Amino acid sequence: MTRRFGDRATFAVEVGAVESPHLRTVNVWAAGTQLTTDDNSACLPSLRPAMRSTAARVRQRDVPACPYPGRSPEAVFRLLEQDGTEFRERFWFLPWGETLDTVSRYAYLDDDLVLVFSFWRPTHPVPDDLGAIFVATLAPDEFATTVLGAADVLDVESVR
C-alpha cells in the first residue's frame, strides 16, 4: 500500500512497496509532476538521513534567498543552469540519491520555498517534459512536515 505525504500539486513523497531490506519504492512529486519517473527504487540507508537533513535545513530557513530577485522562477532556473561556477551549487536541492539524478533541481527562499526543476535525460519517459521548467512553491514548514512524515514511515517500517 502506498502512503502519500503532502500534495502532488505542490510537493509530495509517496512511500510504496518494500523491495528488499534496503530498497523501497519512493516517488517524489512537485508541481504536479513525478520527479522519480526514471528510477523510484530508493536506497534507504542513504535516503532517510538525506531527507531528514533537507527537512531540517528548510525548517531552519537554511536555504539561500533568491539569487536573482525580481526574476521569475523560470528565469532563475535558466541563470543557475548557465552558471558554471560553484555559485549555483548553493542552490542545488534534494540530494536524495540516484532516484533524482535525472532532474536538475534548485531551491531558494522567497518568503516561501521555491523549487525549480527540469528533466535533462533525453530518454525521459514523458517527452513533453523535456526542456520544460517546473515550479513548486510552498511554505517551508509544510515542506519539512511532508518530508519528515515520509522519513518517519521509512524509519519505522524498515525496522520490521
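Residues numbered from 1 in each chain as written. Predicted model: local features only at pLDDT ≥ 70, side-chain atom pairs only at ≥ 80, totals over all residues. Heavy atoms only, no water.

Asks: It is not clear to me how the sheet that holds strand 7 (residues 112-119) should be interpreted in this structure. Could you clarify?
Replies: Within a sheet, neighbouring strands are paired by backbone hydrogen bonds and run either parallel or antiparallel to one another. The strand order 6-7-8 describes an open sheet built from three strands, whose pairing is antiparallel. The two strands at the open ends of the sheet, each matched to only one other strand, are strand 6 (103-110) and strand 8 (134-138). This sheet shows a mean twist of 20° between the axes of neighbouring strands, independent of strand direction. One ladder, built from five bridges, connects strand 7 with strand 8; its direction is antiparallel. Note that in strand 8 the partner of Val114 across the bridge is Thr137. Each of strand 6, strand 7 and strand 8 is contacted by helix 2 (residues 73-82), which is oriented at about 120° to strand 6, the strand it contacts most. (Pairing = 2+ DSSP bridges. Helix = DSSP H or I, 4+ residues; strand = E, 2+ residues; numbered from the N terminus. Axes fitted to C-alpha atoms, helices over the stretch in contact; angles between N-to-C directions. Contact = heavy atoms within 4.5 Å.)

Asks: Just checking my understanding: could you explain the side chain of Asp83 for this structure?
Replies: Along the chain, Asp83 turns up in the loop between helix 2 and strand 6. Not counting the four nearest positions on each side in its chain, Asp83 is found in contact with Tyr68 and Arg88.

Asks: Before we go on, may I ask you to explain the pattern of salt bridges in this structure?
Replies: Note that side chains of opposite charge can pair when their charged atoms are close. A complete count under the given rule lists seven salt bridges for this structure. Residues Asp152 and Arg52 are paired through a salt bridge, measuring 2.6 Å at the closest nitrogen-oxygen approach. With Asp152 in helix 3 (residues 140-159) and Arg52 in helix 1 (residues 44-59), this residue pair connects regions lying 100 residues apart in the sequence. Of the residues examined, Asp152 reaches a relative accessible area of 40% and is grouped as partly exposed. The class of Arg52 is partly exposed, set by a relative accessible area of 29%. Here Arg61 ties to Asp141 by a salt bridge, and the two come within 3.2 Å at their closest N and O atoms. Taken as a pair, Arg61 in the loop between helix 1 and helix 2 and Asp141 in helix 3 lie far apart in primary sequence, 80 residues in all. On the basis of relative accessibility, which here comes to 35%, the residue Asp141 falls in the partly exposed class. Each of Arg48, Arg52, Asp152 and Asp155 takes part in salt bridges that share partners, so that together they form one network. (Salt bridge = Lys/Arg side-chain N within 4 Å of Asp/Glu carboxyl O. Buried < 20%, exposed > 50% of the residue type's maximum accessible area, 1.4 Å probe, protein only.)

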